[in-house]
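This is what each chain is made of:
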Amino acid sequence: VTIGSASPLHQSCRIPVSLDIGLYRTHLLPASTPIEELVQRLNSLQPNFLRGFPSLLALLVTEQLQGRLHISPRIIATGGEALTKELRQRLRAVWQCSVFDIYGTTEGLFSAECSFGGGMHLFEDLGIVDVVDEHNCPVPDGTLGHKILFTSLFSFTQPIIRYEISDMVTLDPEPCPCGRPFRRISSINGRSDDILYLQGRAGGQVAVHPIHFWDVLESCGDIRQYQVVHEPDGIHLRLVFQEGKEGMASSVKERLAQQLHAQGVCCPPIHVELV
Ligand SMILES: [Zn+2]
């Protein structure tokens, strides 16, 4: 079962369609389906393989723990959003299953983890991946790039040559113990578009990577979902807490302010909205 986009243009819809070659029963459930209905469908389908966006799988973990969802997938694949270490551990703990992360783009860049789990192998027979700095110069494997330039080797209808993707990745310089020759993405550190530029205490602007927000928000197990929006009047933090845990909001705000202070920024006002 894939829980993905209902749009045939989106990878999360196209991949399950291409997997439907008659060997397995495949189902695509739109991610926009109300959660109660998803739970009902999954309970009746009892998937062996479940693929979805991490944020949606996190909601399903809660449904399973609270006794409404009763599934036992053997394999979970995630994609479309960053899979955090914390969520990977929760998925494994709740379903005792293997978790594979997949990273790809609609333009044809694909990568997926192998069973060794040490990063995602790029499908380098389908495309050329250049990890480059701000000036489009290649960075060596093992160094965090500013963006990716991707050239597709199979898209003949619409040629894609050195197409810019703003994801910031590091490639592993070492070969994988599984023996596959394709290089691995060892980490995806968000998007260069996601970096916030805040006023520095020593003057000028400080680039604040989203990882500083993740550190605070992901380590608080009582937050179910969050959104960070940078507005002219400060940072708006929209938080969805587990029921009854809303009182944690002020300590989350305080920890975030400390984290930003440690980056040398003049901390802007943080407005918390409980959703
Ligand atoms: Zn491997």
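Residues numbered from 1 in each chain as written. Predicted model: local features only at pLDDT ≥ 70, side-chain atom pairs only at ≥ 80, totals over all residues. Heavy atoms only, no water.

A. View of the sheet that holds strand 10 (residues 163-165). The strand order across the open sheet built from three strands is 8-9-10, with neighbouring strands paired in antiparallel fashion. Because the sheet does not close on itself, it has two edges, and the strands there are strand 8 (127-132) and strand 10. Going from strand to strand, the sheet's axes swing by 25° on average, the running direction of each strand aside. Pairing between strand 8 and strand 9 (residues 147-152): six bridges, direction antiparallel. Among the inter-strand pairings, Ile-128 is bridged to a residue of strand 9, identified as Thr-151. (Pairing = 2+ DSSP bridges. Helix = DSSP H or I, 4+ residues; strand = E, 2+ residues; numbered from the N terminus. Axes fitted to C-alpha atoms, helices over the stretch in contact; angles between N-to-C directions.)

B. Representation of the coordination of the zinc ion within the structure. Around the zinc ion, the protein contributes the donor atoms Cys-114 (SG), His-121 (NE2), Cys-176 (SG) and Cys-178 (SG), at 2.1 to 2.3 Å from the metal centre. Its four donor atoms give the zinc ion angles of 103 to 118° at the centre, a pattern that matches the tetrahedral case. (Donors = N, O, S within 2.8 Å, 3.2 Å for Na, K, Ca; no water. Tetrahedral: all angles 85-135°; square planar, octahedral: opposite > 155°, others 65-115°.)

C. The arrangement of the environment of Leu-237 in detail. Mapped onto the elements, Leu-237 comes out in strand 16 (residues 234-241). Take Leu-237: its relative accessible area is 0%, and that puts it in the buried class. The sequence separation of Leu-237 and Pro-140 amounts to 97 residues, and the corresponding C-alpha distance is 36 Å. In contact with Leu-237, other than residues within four places in its own chain, are Leu-217, Gln-227, Val-228, Val-252, Leu-256, Ile-270, His-271, Val-272 and Glu-273. (Buried < 20%, exposed > 50% of the residue type's maximum accessible area, 1.4 Å probe, protein only. Contact = heavy atoms within 4.5 Å.)

D. Representation of the sheet that holds strand 16 in the model. An order of 15-16-17 is seen for the three strands of this open sheet, with the pairing classed as mixed. Across the chains shown, the open sheet's two edge strands, defined by having one partner strand only, are strand 15 (223-231) and strand 17 (270-274). For this sheet, the mean angle separating the axes of adjacent strands, direction not counted, is 20°. Bridge count between strand 15 and strand 16: eight bridges; the pairing is antiparallel. Paired with Ile-223 across the two strands is Phe-241, which belongs to strand 16.

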